[in-house]
Amino acid sequence: MNEQIQQKTIDLARGLFLVRYNGAEDKTSPPVVRVYADRASVNNCNIISGPDAANGTLFAPESALVVSVARPSRLIVEVTAGRAGGSTAANIKIEPLTQGQPAAQPAGQPFETYEPEAGPDEPSDLKVLAHVAGLGDVTVGPNTWIAGPAAPARIEGISLDWPNKPYDLNLQYAVKFARPQRGDNQFVPLGTFAGTRGRALAITGFSLEATGPAADRYAIAAETIFLGAPALRVTGNRIVVSGPSGREPLVGLKLSVEEHRVQAAPLAPRQPMRTEPVAPMPRQEAPRLDGRVRVFRSRQSAVKTAG
C-alpha cells in the first residue's frame, strides 16, 4: 500500500455510530480521513455527512460524521497524508450512539427506582475501547471485533465500560506486555484505560475476571488473535489469554459477558409402586383429567427480573 495512505477495516454491529477525528500527528497539514462501507456492505451501511460536506470525508481534527448500520457491516477507514511525505498518523474514535430505552410504567402501579441491568434475554451494553496502532481509539459493542481476522493490527491499550452493569457484579481487567512496564498485569476497574497510547507497545496478554455475588451467574466470552496464531475462544468467570510464547502481539479482540440461562430441573425418576395386602375397598370412579396444564402467574412473578 502507498505509504501516503493507510486503511483499516472495522466490523460494526447494527446500530448508529459516531466517527470522530480527534487529532493528528501532523498539525500543519493533517491527513484527510475518508470513511466508506466495503463493497459487500454498501446496501446495509449509510454514511451521514453534513448537507454541504463531502460525503464520508473528514478534512481535519475536531470533525465528525455519523454511520447508520442496518445489518452487521464492514467499515473502511482510509487515512491519506495531507502533503507529500506527510504523516498518516491520526486518532479516530468510533463510538456507538444510543437514545436509550423507554421505561414502560404499568397502569395503576406506583413508580419505583431500580438499578438498570441487562436481563437474561437482552444483550448488555458493554463497550470495549481499544487503542489500535495506526488507527487510534476504536470503540465497539459486545461480540464485535476490534482489528481481528479481516484487519489484524496491534492493540496497545484497552478500556471497558458497562453502563447497565448489574449492581451485584464487578469486572476488572489487566494487560501484559512483552517487556515489563508500569502497571503491567495489574487489575483495574471498569472505565480505566489499561495499556499505552503512541508508544508502539503491543499488548501480549489480557486478563478479565468477574467478581461479586452475581459472578457465578455470568460467563465472560473472549475471542482473541495473537500474531501468527489461530483465533482462540475462551469462556469462564476469569479468563487469561496470550500467544503461544507469551510474546506475540494481540491483533484481534472480541468480548461479551453473558448470563447463564436457567434450565428447568429434571423430573425425578418415577418410583415403582409398592403394593401391600389390604382389605378390599369399594371401587371408585377415577377422576378425569382433560390433559391440559394451566399456569397461573402472580403479578409479582410477572415482573421481568434483571441480571
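Scroll up to find the structure.
Quick caveat: nothing in here was measured; it's all calculated off a predicted structure.

Turning our eyes to something else, we now look at the overall build of the chain. Scanning the chain from N- to C-terminus turns up 0 helices and 20 strands. Per-residue burial over the chain gives 40% buried out of 307 residues. In the chain, the share of contacts with a sequence separation of at least 24, taken over all contacts with a separation of at least 6, comes to 74%. When the accessible surface of the chain is summed, it comes to about 19,400 Å², and 51% of that surface belongs to carbon and sulfur atoms.

An order of E14-E13-E16-E19 is seen for the 4 strands of this open sheet, with the pairing classed as antiparallel. Strand pairing shows two members of the sheet lacking a second neighbour, strand E14 (188-189) and strand E19 (238-242), which therefore form its edges. Two strands pair when backbone bridges link them, and strand E13 (residues 170-177) and E14 are joined in this way by 2 bridges, in the antiparallel orientation. Across the sheet, the residue bridging to tyrosine 173 is valine 188, located in E14.

This paragraph deals with the packing of aromatic side chains. Under the defined criterion, the tally for this structure stands at 0 aromatic pairs. Residue placement shows arginine 34 over the ring face of tyrosine 36; its charged tip is 4.3 Å from the ring centre. Seen from the ring of phenylalanine 193, arginine 197 lies directly overhead, with NZ or CZ sitting 3.8 Å from the centre.

Glancing now at the environment of alanine 60. Relative to the assigned elements, alanine 60 resides in the loop between strand E5 (57-58) and strand E6 (63-69). Between the C-alpha atom of alanine 60 and that of serine 29, which follows or precedes it by 31 residues, the distance is 8.6 Å. Once residues lying within four places of it in the same chain are set aside, the contact partners of alanine 60 are Tyr21 and Pro30.

Okay, the side chain of aspartate 168 next. Structurally, aspartate 168 is set in the loop between strand E12 (155-161) and E13. For aspartate 168, the contacting residues outside a window of four places in its chain are Thr211, Gly212, Pro213, Ala214 and Arg217.

Attention shifts here to a nonpolar patch on the surface. Together, Leu16, Ile48 and Leu97 line one region of the surface with nonpolar side chains, adding up to about 210 Å² of accessible area. Position of isoleucine 48 among the secondary structure elements: in strand E4 (residues 45-48).

With a phi close to 65 degrees, glutamate 62 is a non-glycine residue in the positive phi region. By the element assignment, glutamate 62 lies in the loop between E5 and E6. We classify glutamate 62 as exposed; its relative accessible area is 72%. Unlike most non-glycine residues, asparagine 185 shows phi in positive territory, near 60 degrees. Relative to the elements of secondary structure, asparagine 185 occurs in the loop between E13 and E14.

It is worth spelling out the environment of serine 49 at this point. Position of serine 49 relative to the elements: it lies in the loop between E4 and E5. A residue is classified by how much of its surface remains accessible, and serine 49, at 26% relative accessible area, is partly exposed. The contacts of serine 49, once residues within four sequence positions are left out, are Ala54, Asn55, Gly56 and Leu65. Within the structure, the side chain of serine 49 is placed 3.5 Å from the side chain of asparagine 55, a separation counted as a polar contact. A polar contact of 2.9 Å, which involves the side chain of serine 49, links it to the backbone nitrogen of glycine 56.

So, about the sheet that holds strand E8 (residues 90-97). One open sheet holds the 4 strands; their spatial order is E4-E6-E2-E8, and the pairing between them is antiparallel. Strand pairing shows two members of the sheet lacking a second neighbour, E4 and E8, which therefore form its edges. Geometrically, the sheet is characterised by an average inter-axis angle of 25 degrees between neighbouring strands, direction not taken into account. As paired strands, strand E2 (residues 15-24) and E8 are joined by 8 bridges and run antiparallel to one another. Each residue of the ladder has a partner; that of alanine 24, found in E8, is alanine 90.

Conventions adopted
Residues numbered from 1 in each chain as written. Predicted model: local features only at pLDDT ≥ 70, side-chain atom pairs only at ≥ 80, totals over all residues. Heavy atoms only, no water. Helix = DSSP H or I, 4+ residues; strand = E, 2+ residues; numbered from the N terminus. Buried < 20%, exposed > 50% of the residue type's maximum accessible area, 1.4 Å probe, protein only. Contact = heavy atoms within 4.5 Å. Areas by Shrake-Rupley, 256 points an atom, 1.4 Å probe, with all protein chains shown as cover. Pairing = 2+ DSSP bridges. Phe/Tyr/Trp six-rings, centres within 6.5 Å; stacked < 30°, edge-to-face > 60°. Lys NZ or Arg CZ within 6 Å of the ring centre and 35° of its normal. Patch = residues over 30% accessible without salt bridge, like charges linked within 9 Å, V, L, I, M, F, W, Y side chains within 5 Å. Salt bridge = Lys/Arg side-chain N within 4 Å of Asp/Glu carboxyl O. Polar contact = N/O pair within 3.5 Å; in protein donor to acceptor, adjacent residues only side chain to side chain. Axes fitted to C-alpha atoms, helices over the stretch in contact; angles between N-to-C directions.

The values are spatial; any link to function lies outside them.
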